[in-house]
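The lines below spell out each chain.
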Amino acid sequence: MRLLRQGSSYLIIGLLQLLLDWLVFVAATAAGLPVVPGNIAGRLAGMLLGFWLNGRFTFADAQGRQRLGWRRFARFLPLWLLLTAGSTLLVAAADHALGLQYAWLAKPLVEGALAGVSFVLLRYVVYR
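Reference entry: report on the structure contained in this document.

So, how was this worked out
- Residues numbered from 1 in each chain as written.
- Predicted model: local features only at pLDDT ≥ 70, side-chain atom pairs only at ≥ 80, totals over all residues.
- Heavy atoms only, no water.
- Helix = DSSP H or I, 4+ residues; strand = E, 2+ residues; numbered from the N terminus.
- Expected span 1.5 Å × (residues − 1).
- Bend = angle between axes of the 7 residues up to and from the residue.
- Buried < 20%, exposed > 50% of the residue type's maximum accessible area, 1.4 Å probe, protein only.
- Contact = heavy atoms within 4.5 Å.
- Salt bridge = Lys/Arg side-chain N within 4 Å of Asp/Glu carboxyl O.
- Phe/Tyr/Trp six-rings, centres within 6.5 Å; stacked < 30°, edge-to-face > 60°.
- Lys NZ or Arg CZ within 6 Å of the ring centre and 35° of its normal.
- Polar contact = N/O pair within 3.5 Å; in protein donor to acceptor, adjacent residues only side chain to side chain.

1. What to know about helix α4 (residues 100-126)
Between its terminal C-alpha atoms α4 stretches only 34 Å, short of the 39 Å expected from 27 residues at 1.5 Å a residue. Remark: the principal bend of α4, roughly 35°, maps to A115. Turning to α4, its buried residues number three or more, namely A103, W104, A106, K107, V110, E111, L114, S118, F119, L122, R123 and V126. Looking at the buried residues of α4, the elements they touch are α1 (2-30), α2 (35-58) and α3 (70-98).

2. With respect to the side chain of R43
Here R43 lies in helix α2. A relative accessible area of 9% places R43 in the buried class. Setting aside residues up to four positions removed in sequence, R43 forms contacts with D21, W80, L83, T84, S87, K107 and E111.

3. Here's the deal with the pattern of salt bridges
Tallied over the full model, the rule gives 3 salt bridges. Between K107 and D21 there is a salt bridge, with the nearest N and O atoms lying 2.9 Å from each other. On the criterion of sequence distance, the pair formed by K107 in helix α4 and D21 in helix α1 is long-range, its members being 86 residues apart. Accessibility expressed as a relative area gives 0% for K107, which makes it buried.

4. Some remarks on the packing of aromatic side chains
Under the defined criterion, the tally for this structure stands at 8 aromatic pairs. Note on F73 and F76: the rings are 6.0 Å apart at their centroids and 35° apart in plane angle, and the pair reads as tilted. Highlighted residues: F73 and F76, both in helix α3, separated by 3 residues, approximately one helical turn. On the basis of relative accessibility, which here comes to 8%, the residue F76 falls in the buried class. In this structure an aromatic cluster arises from ring pairing among F51, W70, F73 and F76. K107 extends its terminal NZ or CZ atom over the ring of F25, reaching a point 5.5 Å from the ring centre.

5. Examining the environment of Q17
Counting through the fold element by element, Q17 comes out in helix α1. In this structure the C-alpha to C-alpha distance between Q17 and G69, which are 52 residues apart in sequence, comes to 20 Å. Of note is the side chain of Q17, whose polar atom sits 3.0 Å from the backbone oxygen of G46.

What follows is the structure, encoded as structure tokens:
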């Protein structure tokens, strides 16, 4: 039951994160920022929102106490950097091969694919 609750919460928060990430990415690249820093800016905005919401709600303990703090953030950051590198490589490849507008369309697909890996890593490594 707990896994179902966490999965549902993660999905809702993930959609909010994705929306913020994608909006920042599109706005930044439409304004002339190259794809790589634009993707990193978008992921950074989404990361700040997601780390807080997931620690507060998704992975809270059985009594509803949040699981945040610098120790968890220290476990979270390397995972986020690794996933950001993968995301950035894939979005940049889409931009290079197909152009910026297709990179805008590819970004949600890339992030959605990484979301499953992220859930497992967050559940068992960061918010344990």
